[in-house]
Amino acid sequence: MEKVILKIKSLSKSFAHNGGQMHVLSNLNLDIYEGDFTVIMGSSGSGKSTLLYAISGMDKATAGEVIYNDKNINEMKENELTKLRYKDFGFVFQQMHLVSNLTLFENVCISGYLNKNNSKNDVKSYADVLFKRMDIDKVKTHLPSQVSGGEQQRCAIARALINKPAIIFADEPTGALNKKNSLEVLDIFTSLSNENQSIIMVTHDIRGAIRADRIIYLSDGNIIGEFRLPKYKKEDEKSREAQINTWLNSLEW
Ligand SMILES: Nc1ncnc2c1ncn2[C@@H]1O[C@H](COP(=O)(O)OP(=O)(O)OP(=O)(O)O)[C@@H](O)[C@H]1O
Ligand SMILES: [Mg+2]
């Protein structure tokens, strides 16, 4: 029996808009399993980012519960949420949001320093490990503007990993990258997933979906489909792609 790491119950999110309410998520229920590489797909505007933010403590839902470690994230106070975001969760976005006047290495370390339980030396030595793993060791003293988009994104992944998060949340992490850099990022996610890292990734990209253990499909803020896959293996890529495409075509994709 798989362990549920995030339990989402009757989650709703509305935005005030033009004097009315715009309902983006309505009464959504979802269990996320520990160690799963969960991918969220759906057309533009279907609520993928809104869902990701509401279940990661980035934004409050309007109603419902998001249970992590027996606590409802949706009821947490801002100081609890801040702690959760840097201690338990890691974030990767389409835009890397690196601090422009800090080196790549400093960008990663400052996130590690947020956790006061970490000594500075421990943070630096783990950052070194991550820089080697992300293959950005040789540009660690560069500023973000002095490296490629792929290197920036790999730095952002190192930053997301520095506090050994229980869950990585990623919103179209390959959205701004070319094919080669996208595949490198997906290979990193796959290798993390093989180490049992829980990952929740929003993507439009079938190449990203192929890596998933489970794909959730959103339409108008509702889950209208779910697809389970065995662990990704490179040699199965073609058949996975065909299966996923068939499934997506049966939805509104
Ligand atoms: N702050 C906001 N105020 C009002 N409406 C919003 C706000 N944020 C999102 N929305 C609306 O909620 C809907 C879902 O947005 P969301 O960003 O979650 O979509 P998405 O599935 O991530 O789309 P995309 O694939 O284009 O990123 C959209 O119609 C969007 O306009
Ligand atoms: Mg989005």
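Note: the structure precedes this text.
Residues numbered from 1 in each chain as written. Chains lettered and ligands numbered in written order. Predicted model: local features only at pLDDT ≥ 70, side-chain atom pairs only at ≥ 80, totals over all residues. Heavy atoms only, no water.

Colleague: Is there a simple way to explain the pattern of salt bridges in this structure?
Modeller: Close approach of charged atoms allows side chains of opposite charge to pair. A full pass over the atoms with the stated rule returns 17 salt bridges. When the shortest N-O distance is used, the salt bridge between E184 and K180 registers 3.2 Å. Taken together, the residues span about one helical turn, with E184 and K180 both in helix α6 (residues 179-194) at a distance of four residues. When salt bridges with common partners are traced through the structure, they connect E2, D36 and R228 into a single cluster. (Salt bridge = Lys/Arg side-chain N within 4 Å of Asp/Glu carboxyl O. Helix = DSSP H or I, 4+ residues; strand = E, 2+ residues; numbered from the N terminus.)

Colleague: Which parts of the structure should I look at to understand the packing of aromatic side chains?
Modeller: In this description, an aromatic ring pair is defined by two values, namely the gap between the centres and the angle between the planes. Here the structure, examined in full by the defined rule, presents nine aromatic pairs. Here F89 and F169 contribute two aromatic rings whose centre-to-centre distance is 4.9 Å and whose plane-to-plane angle is 70°, an arrangement assigned as edge-to-face. With F89 in strand β6 (residues 89-93) and F169 in strand β7 (residues 167-171), this residue pair connects regions lying 80 residues apart in the sequence. By relative accessible area, which is 3% here, F89 ends up buried. Ring plane angle 5° and centroid distance 6.2 Å describe the contact between F91 and F93, whose orientation is recorded as stacked. With relative accessibility at 17%, the residue F93 sits in the buried group. Following the ring pairs from residue to residue traces out a cluster consisting of Y53, Y68, F89, F91, F93 and F169. The side chain of K140 reaches across the aromatic face of F105, ending 4.3 Å from its centre. (Phe/Tyr/Trp six-rings, centres within 6.5 Å; stacked < 30°, edge-to-face > 60°. Buried < 20%, exposed > 50% of the residue type's maximum accessible area, 1.4 Å probe, protein only. Lys NZ or Arg CZ within 6 Å of the ring centre and 35° of its normal.)

Colleague: Can you walk me through the side chain of R211 in this structure?
Modeller: Within the fold, R211 resides in the loop between α7 (206-209) and β9 (214-219). A distance of 2.9 Å separates a polar atom in the side chain of R211 from a polar atom in the side chain of D187. Filtering out sequence-adjacent residues up to four positions away, R211 remains in contact with F37, L183, L186, D187, T190, Y232, E237 and R240. (Polar contact = N/O pair within 3.5 Å; in protein donor to acceptor, adjacent residues only side chain to side chain. Contact = heavy atoms within 4.5 Å.)

Colleague: Help me understand the site of ligand 1 in this model?
Modeller: The full set close to ligand 1 counts 13 residues, and S44, G45, K48, S49 and T50 are the nearest of them. Side-chain polar atom of S49 to an oxygen atom of ligand 1: 2.8 Å apart, as the coordinates give it. One of the side-chain N or O atoms of H204 is found 2.9 Å from an oxygen atom in ligand 1. For ligand 1, the accessible surface in isolation is 640 Å², of which the surrounding protein chains cover 62%. The biggest single contributor to the shell around ligand 1 is helix α1 (residues 48-55), with three residues. (Near = heavy atom within 4 Å. Areas by Shrake-Rupley, 256 points an atom, 1.4 Å probe, with all protein chains shown as cover.)

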